[in-house]
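Letter by letter, the chains look like this.
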Amino acid sequence: MALIQLRNINRIFHQGDLEIQVLRDISLEIQEGDFVAIMGASGSGKSTLMYIIGCLDSPSSGTYLLKGMNVSEMDDDRLSLIRNESLGFIFQSFYLIPYLNVMENVLIPSLYSSKNIEFKKRARELLEEVDMSERMKFLPSELSGGQKQRVAIVRSLINDPEIVLADEPTGQLDSKSSRQVMEILSRLNSRGKTIILVTHDPETARYAERTIFIKDGCITPG
Amino acid sequence: MAASLLGKNLFLTSVIKALRQNPARSLFALCGISLGIASLVFIVAAIEGSNQNAHNIIKLLGPNSIFVRSGFGDKTRVRRLTYRIDIRDFYNLKRVYGVKSAAFLLLKQRRISAGGQARNAYAVSATRDFLEVFDYELKEGRFFRSAEYSSFPKICIMGTELSRFLFGKRNPVGQRVQIARTTMTIVGVFAPKGKLPSGKSLDDRVIIPIKTYRKFIEPEYKRLFAVKLKLEPDADYDHVVSMVRKVMLKRHKKDDFVVVTPETVRKFLNIFNWTLSLYLGLASLIALFISGFVMSNIFYINVKVRAWEIGIRRALGATRQAIIYQFMAEALAISVAGAVIGSLAGFFAVRWVTPLLKIPTVYPVKSLVLAVCFSAATGLISVLMPSRAAAHLNTVHALKSRL
Ligand SMILES: Nc1ncnc2c1ncn2[C@@H]1O[C@H](COP(=O)(O)OP(=O)(O)OP(=O)(O)O)[C@@H](O)[C@H]1O
Ligand SMILES: [Mg+2]
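Residues numbered from 1 in each chain as written. Chains lettered and ligands numbered in written order. Predicted model: local features only at pLDDT ≥ 70, side-chain atom pairs only at ≥ 80, totals over all residues. Heavy atoms only, no water.

1. Section: the sheet that holds strand β1 (residues 4-15) of chain A
Residue and element names in this part refer to chain A.
Right, on to step 1. Spatial ordering of the open sheet is given by β2-β1-β4-β5, a layout of four strands whose pairing is antiparallel. Every other strand in the sheet has two partners, leaving β2 (18-30) and β5 (69-70) as the edge strands with one partner each.
Right, on to step 2. Relative to β5, strand β4 (residues 61-66) runs antiparallel, the two sharing two bridges. The residue of β5 that forms the bridge with Leu65 is Asn70. (Pairing = 2+ DSSP bridges. Helix = DSSP H or I, 4+ residues; strand = E, 2+ residues; numbered from the N terminus.)

What follows is the structure, encoded as structure tokens:
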């Protein structure tokens, strides 16, 4: 059974009397251990799709099965739990909390977790792995973009989720930092994590094993 | 969930750091709460102080006693301030059924000096029963002997405060003191009686046997400041009080005298407390209400400015409840800090303002608990709505709100 199954997903936004259909009849399966890139032009609906897969937004119609469970039937607490335990998020603009240092930022998911993990130890190991162990007490404002994104990656991994969702993770980074970030994601994938990457950059998408193209809210064949 | 969240160090760290991140907003909320709490603490202090006043008066009055103080007559007409009670009242009161003993209070301010020190203080006359009826106790030396009430010995008993002023730490017994134009010998010192509610000390006086008093201090003795009665142990207190009133009203108008009993003291102070509580209570309630309103608005701003932070926390798995707890905890931290600062400010107000109100300065330590509770309640209630708003933000919108 597929880890992620979308069937006939539609997402319609209402702006006054205006109906904006952002996603049209999206059906798609992602297997455990996949590295999938979602590509498309700006405004094509990539992020919207990622938010739905990430249980941050719900489709207007259609079915979404995550690990065989129907997400649309879950209440908010259940969705929070799934986001906390099964999903990791990486965003273009990092979203590191400015008043917390690197270590504290990385540990935020553990606040909401009941998983029995030695979070601090794991955080130290993961920070070591992305070469950030010397900056554990730094504030986000004291880090470069690439460093921030590496911290965000560690944060997404702290709860050991099955799926990592990355929305333009290299969007604000130079080519060297981008390469670093993508190599980390590849490495995670090779260790079994399912990675879903949203990007409009073919260079970045090349790291994925499979690419899904979206145009005007529809999946198109390349 | 709640327990596991609140039990984590990071939760507290995050709360404190978030508050420090926005010092202006936090400080503003803090000031509001502190002000409300300060006024609350002050009220409690004022009420406790006035209660202590009542206690002091009642204690001074002693058990099973009635104090009849002279009024100044009709206050609407300007007259010479003369005592309305006289010696005939004293004899009438002494004869009331149930009265065991009675003494009158007759005093005059005189210049008192010894060893180069001088000051004006009250010289008080003492009849045979005076020391017993007014519950004087001995600290040093002796009281007057029976024969000394019928002759004119130049002796006196001194209060501790006056003695300290004139003689410092030395024992004044046996020393000579100049009272008005007469030199007298101090035979005893009475145990401290404390202060009147007006702040006047009862130990800044000297007591002189009645005949000596009339001969050397003041011959006029018909007008009395007050009369104190001690009742028989089995007397019906309330009945005696009503008889005392009746006897007084035969010769006087209502305004000419005041009957002081524990009951009247309590009644008067109750009224005082009520008005005080009402006015100050209303004021501090308004202050707390306003501070709650300020806090609420500041947290609405917080929620708006920190929307993306709420978004990312939600994305990372925070439930709505967890977001509510976070803001509640921030409000609680401000409230507790506000309670402490407000209490300190209140204590300062107590220190400087209660003396002006002629209320004993009582630091209401108990009110600290009250302050923390009120403050916490204000904080939590006022932040209820903003934190719910935060919890119900659309996560995707919240994330996108980052500039
Ligand atoms: N809440 C909303 N209300 C109305 N329209 C929305 C809303 N969210 C997204 N849209 C619209 O949906 C379309 C797709 O948005 P989305 O963010 O998914 O695009 P994207 O493919 O991620 O683009 P980009 O590469 O620029 O990030 C856009 O036209 C956007 O204006
Ligand atoms: Mg996007």
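Having seen the model, we can carry on.
2. Considering the environment of Ser163 of chain B
Right, on to step 1. In this fold, Ser163 of chain B is placed in helix α6 (residues 160-167).
Right, on to step 2. Excluding anything up to four places from it in sequence, Ser163 of chain B contacts Met158, Gly168 and Pro172 of chain B. (Contact = heavy atoms within 4.5 Å.)

3. A look at the site of ligand 1
Right, on to step 1. Among the 14 residues in the neighbourhood of ligand 1, the closest are listed as Ser42, Gly43, Lys46, Ser47 and Thr48 of chain A.
Right, on to step 2. The residues that come close to ligand 1 belong to more than one chain, namely chains A and B.
Right, on to step 3. A distance of 2.7 Å separates an oxygen atom of ligand 1 from a polar side-chain atom of Lys46 of chain A.
Right, on to step 4. With respect to ligand 1, the side chain of Thr48 of chain A contributes an N or O atom lying 2.5 Å from an oxygen atom. (Near = heavy atom within 4 Å. Polar contact = N/O pair within 3.5 Å; in protein donor to acceptor, adjacent residues only side chain to side chain.)

4. Thoughts on the interface of chain A and chain B
Accessible area lost upon the coming together of the parts is a frequently used measure of interface size.
Right, on to step 1. Contact with chain A, which involves 27 residues of that partner, is made by 28 residues of chain B.
Right, on to step 2. Counting every contact that joins chain A to chain B gives three salt bridges.
Right, on to step 3. A salt bridge links Arg320 of chain B to Asp76 of chain A; its shortest N-O distance comes to 3.5 Å.
Right, on to step 4. There are 15 residue pairs in polar contact (both at pLDDT 80 or more) connecting chain A and chain B.
Right, on to step 5. Among the elements of the structure, α2 (76-86), β6 (87-91) and α3 (102-111) of chain A are those that each provide at least two residues to the side of chain A that touches chain B.
Right, on to step 6. Of all the elements, α3 of chain A adds the most residues to the side of chain A that touches chain B, at six residues.
Right, on to step 7. Looking at side-chain class alone, the side of chain A that touches chain B contains 15 nonpolar, six polar and six charged residues. (Salt bridge = Lys/Arg side-chain N within 4 Å of Asp/Glu carboxyl O. Nonpolar A, V, L, I, M, F, W, Y, C, P; charged D, E, K, R; others polar.)

5. Considering a positive patch on the surface
Residue and element names in this part refer to chain B.
Right, on to step 1. Taken together, the side chains of Arg128, Lys211, Arg214 and Lys222 make up a positively charged region of the molecular surface.
Right, on to step 2. Structurally, Lys211 can be placed in helix α7 (residues 210-217).
Right, on to step 3. Relative accessible area serves as the criterion here: at 34%, Lys211 is assigned to the partly exposed category. (Patch = residues over 30% accessible without salt bridge, like charges linked within 9 Å, V, L, I, M, F, W, Y side chains within 5 Å. Areas by Shrake-Rupley, 256 points an atom, 1.4 Å probe, with all protein chains shown as cover. Lys, Arg positive; Asp, Glu negative; His and termini not counted. Charge placed at Lys NZ, Arg CZ, Asp CG, Glu CD. Buried < 20%, exposed > 50% of the residue type's maximum accessible area, 1.4 Å probe, protein only.)

6. Some remarks on the domain arrangement of chain B
Right, on to step 1. When the domains of chain B are assigned, the result is domain 1 (2-56 + 267-400) and domain 2 (60-261).
Right, on to step 2. A straight line from the C-alpha centre of domain 1 of chain B to that of domain 2 of chain B covers 52 Å. (Domains from an automatic or database assignment.)

7. Let's talk about the pattern of salt bridges
Right, on to step 1. Counted by the stated rule, this structure contains 26 salt bridges over all chains.
Right, on to step 2. One salt bridge connects Arg206 of chain A with Glu203 of chain A, and the closest N-O pair in it is separated by 3.4 Å.
Right, on to step 3. Given the relative accessible area of 59%, Arg206 of chain A is considered exposed.
Right, on to step 4. Salt-bridge contacts for Arg306 of chain B lead to Glu309 of chain B; the nearest nitrogen and oxygen are separated by 2.9 Å.
Right, on to step 5. One connected set of salt bridges, linked through shared partners, spans Arg306, Glu309, Arg313 and Glu330 of chain B.

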